[in-house]
Amino acid sequence: MRLWTLHPRYLDARGLVAVWREALLAQSVLRGATKGYLHHPQLVRFRASTDPQAAIAAYLAGIRAEAITRGYAFDVTRIARKPGRGRIAATTGQLQYEWRHLKRKLRTRDPVKYKSCLRTTGPVPHPLFRIQAGPVEEWEKTK
């Protein structure tokens, strides 16, 4: 499961569909509707928010907004509740780590999207996240 801190505009089609599915799974976990992935590290920051279910709904809404921009039909009824208005803190280190990770994936999977990312001056985060200075998050599984 990868719930990107990066704005979904940087994801290729395969990545956008994957993060939608993975965020729906995360929503199920946070609602207590599944037994798997209960301790997945990607869920730490959502659980730490004041309203985890509203936070994942906001995350899903951001992904869906990008999908609509691309002409995809992601079903809004899959988002279990109204998105929250709060934001989750994330670090510059985490954002940069994910940026490098995504570019490595795109280099082979979608060279056109990769070249587009190379022309970007720097990544912006998903609208849910408020970026502050700091290292890669402790929950991240770095290589």
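Residues numbered from 1 in each chain as written. Predicted model: local features only at pLDDT ≥ 70, side-chain atom pairs only at ≥ 80, totals over all residues. Heavy atoms only, no water.

## Quick word on a positive patch on the surface
Where like charges cluster on the molecular surface, the positive patch consists of Arg14, Arg100, Arg104, Lys105, Arg107 and Lys143. Here the element with the most residues in the positive patch is helix α4 (residues 92–109); it accounts for 4 residues. Within the secondary structure layout, Lys143 lies in the segment after β2 (129–132). Judged by relative accessible area, Lys143 falls into the exposed class, the value being 94%. (Patch = residues over 30% accessible without salt bridge, like charges linked within 9 Å, V, L, I, M, F, W, Y side chains within 5 Å. Areas by Shrake-Rupley, 256 points an atom, 1.4 Å probe, with all protein chains shown as cover. Salt bridge = Lys/Arg side-chain N within 4 Å of Asp/Glu carboxyl O. Lys, Arg positive; Asp, Glu negative; His and termini not counted. Charge placed at Lys NZ, Arg CZ, Asp CG, Glu CD. Helix = DSSP H or I, 4+ residues; strand = E, 2+ residues; numbered from the N terminus. Buried < 20%, exposed > 50% of the residue type's maximum accessible area, 1.4 Å probe, protein only.)

## A word on the packing of aromatic side chains
Within this structure, the stated rule accounts for 6 aromatic pairs. Consider the rings of Phe46 and Phe129, whose centres lie 6.4 Å apart with planes at 75°: the pair is edge-to-face. Placement of the pair is Phe46 in helix α2 (residues 44–47) and Phe129 in strand β2, with a sequence separation of 83 residues. Between Tyr59 and Phe129, the aromatic rings sit 6.2 Å apart at their centres with planes inclined by 65°, giving edge-to-face as the arrangement. Here the residue Tyr59 occupies a position in helix α3 (residues 52–69), and Phe129 occupies one in strand β2, the gap between them amounting to 70 residues. Under the relative-accessibility criterion, Tyr59 is labelled buried at 1%. On the basis of relative accessibility, which here comes to 0%, the residue Phe129 falls in the buried class. Taken together, the aromatic side chains of Trp20, Tyr72 and Phe74 make up a single cluster linked through ring pairs. Above the ring of Trp4, the side-chain terminus of Arg2 is found at 5.3 Å from the ring centroid. (Phe/Tyr/Trp six-rings, centres within 6.5 Å; stacked < 30°, edge-to-face > 60°. Lys NZ or Arg CZ within 6 Å of the ring centre and 35° of its normal.)

## Thoughts on unusual backbone geometry
Phi at Tyr37 is positive, roughly 60°, even though this residue is not glycine. By the element assignment, Tyr37 lies in the loop between α1 (13–30) and α2.

## What to know about the environment of Arg2
By secondary structure assignment, the location of Arg2 is in the segment before α1. A sequence separation of 87 residues divides Arg2 from Ala89, and the C-alpha atoms of the two residues are 17 Å apart. Polar contacts involving the side chain of Arg2 include one to the side chain of Glu140, which spans 2.8 Å. (Polar contact = N/O pair within 3.5 Å; in protein donor to acceptor, adjacent residues only side chain to side chain.)

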